[in-house]
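Coordinates in review
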Amino acid sequence: MQGLSTLGTPSNQNFISNAAFVVTPTGVVVIDALGSPALAHRLVDEIKKITSKPITHVLVTHYHADHIYGLQVFRALGAKVVAHRAALIYLNSETARLRLAASREQLFPWIDDTTRLIEADIWVDGFQTFDFGGMQIQAQPVGPAHTPEDLAFYLPQEKVLFAGDLVFRSRIPFVGQADSQHWIKALDQLLAFETQVIVPGHGPLSHEARKDMQLTREYLTYLRTAMGQAAQAMEPFDEAYQHTDWSYFEHLPLFKVANRMNAYNTYLLMEQEAKP
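Here's what I pulled together on the structure shown here. Nothing here was measured: the structure is a model prediction, and the numbers come from that model.

Per the stated rule, a full pass over the model turns up nine salt bridges. The salt bridge partner of K159 is E194, with a shortest N-O separation of 3.1 Å. Highlighted residues: K159 in the loop between β8 (151-155) and β9 (160-168) and E194 in the loop between α6 (180-190) and β10 (197-202), separated in sequence by 35 residues. Take K159: its relative accessible area is 24%, and that puts it in the partly exposed class.

The next subject is the sheet that holds strand β7 (residues 135-141). Read across the open sheet, the five strands follow the order β6-β7-β8-β9-β10; overall the sheet is mixed. Edge positions in the sheet fall to β6 (128-132) and β10, since each of these pairs with one other strand and no more. Put simply, the sheet's adjacent strands are angled 25° from each other on average, direction ignored. Against the sheet, α6 contacts β7, β8 and β9, and its axis sits at roughly 165° relative to β9. Packed on one face of the sheet, helix α7 (residues 209-232) meets β9 and β10 and runs near 15° to β9.

It is worth spelling out the pairing of β9 at this point. In the case of a regular strand, side chains alternate between the two sheet surfaces. The buried count for β9 comes to nine of nine residues, which makes it a mostly enclosed element. Judged from the three bridges that link them, β8 and β9 form a sheet pairing that is antiparallel. The residue of β9 that forms the bridge with Y154 is L161. What sits between β8 and β9 in their antiparallel hairpin is a turn of four residues, with K159 showing a positive phi close to 60°.

A few words now on empty space enclosed by the protein. To find leftover empty space, a probe the size of one water molecule is rolled over the atoms. A full pass over the atoms with the stated rule returns one cavity of 30 Å³ or more. Counted as a void, the largest cavity has a volume near 70 Å³. For the largest cavity, the full set of lining residues is N18, A19, A20, I31, D32, T61, F162, A163, G164, V199, P200 and G201. Considering only residue class, the lining of the largest cavity consists of seven nonpolar, four polar and one charged.

Scoring rules and cut-offs
- Position numbers for residues start from 1 in each chain and track the written sequence from start to end.
- Where totals are concerned, whole chains, interfaces and linings use all residues; where local detail is concerned, this predicted model gives features only for residues with pLDDT of at least 70, and gives and counts side-chain atom pairs only at 80 or more.
- As a rule here, side-chain values come from all non-hydrogen atoms in the structure, and water together with hydrogens is ignored.
- Salt bridges are counted wherever a side-chain nitrogen of Lys or Arg sits within 4 Å of a carboxyl oxygen of Asp or Glu.
- Secondary structure elements follow DSSP: runs of H or I of four or more residues count as helices, runs of E of two or more count as strands, with numbering from the N terminus.
- Only protein chains enter the accessibility calculation, which uses a 1.4 Å probe; a residue is then buried when its area is under 20% of its type maximum, exposed when over 50%, and partly exposed in between.
- DSSP-based pairing: two strands are paired if at least 2 bridges between them are found.
- Lines fitted to C-alpha atoms define the axes here, with helix axes fitted over just the stretch in contact, and angles between the N-to-C directions of these axes take values from 0 to 180 degrees.
- Note on contacts: a residue pair is in contact if any heavy atoms of the two residues lie within 4.5 Å.
- Points on a 1 Å grid over protein atoms alone make up a cavity when a 1.4 Å probe fits among them but cannot get out, and a pocket when they form an open set with protein on both sides within 12 Å along at least five of seven lines; lining residues each have an atom within 4 Å of a point.
- Grid points are joined across faces, edges and corners, and a volume is the space filled by probe spheres set on the points.
- Nonpolar residues are Ala, Val, Leu, Ile, Met, Phe, Trp, Tyr, Cys and Pro. Charged residues are Asp, Glu, Lys and Arg, and all others, Gly as well, are polar.

Remember, this is a structural readout, not a statement about activity or role.
Okay, here's the thing in structure tokens:
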């Protein structure tokens, strides 16, 4: 299910990220749970069109709201949630509480007082291979990058990679408080997989993994270079942003919404990295 290249609103039920599912010999494994319980129910309906097998697991690439607010629907169906243990820090943070409270206001009625955060049943600490009736799915930690708890999931027999938000296609990435330096290294790590199909966290799936990881990589590298030079020269952010040539990226969806914030957060990060 491919999310929209826009911001989450009540009119789109917060349908801005991707989710997917894999039919294994023993049941259905879902990758990410979408941005609201209503969307998760829609995903369940789509699964039922393909198979009558039970949904046994949900694999979480990271705990950003647009990927996890549907988890409670799958938990109610008896599915086990799999995620990286680093997500516990976010789940027990004031940031997570405030984000859910804001979503209940901004995305009502799709996010309301019945929407809750769901912890994993199975916590991943390192590289791990899950076997579902002979079908292998590898969980590869790749954080801290987009988030501290980033997980990519790879099907070695099918050569399909679920990259989560390490890869954005056809839109500006959301950088937020990301560790962009490690994010770039994580993309190089993902390129080591023999991937034929990549499913990004946002945007259409790709049959050209290397090419389509490049947009995210090039954007992050450009942010770090431009804002790093400004921070090193102690140039004020507003001036640095105005003087930077954004023409290569400004045609992409959500550029006007996200780029300035991405640049500012990167400017602050580069200031920190420059300190002895």
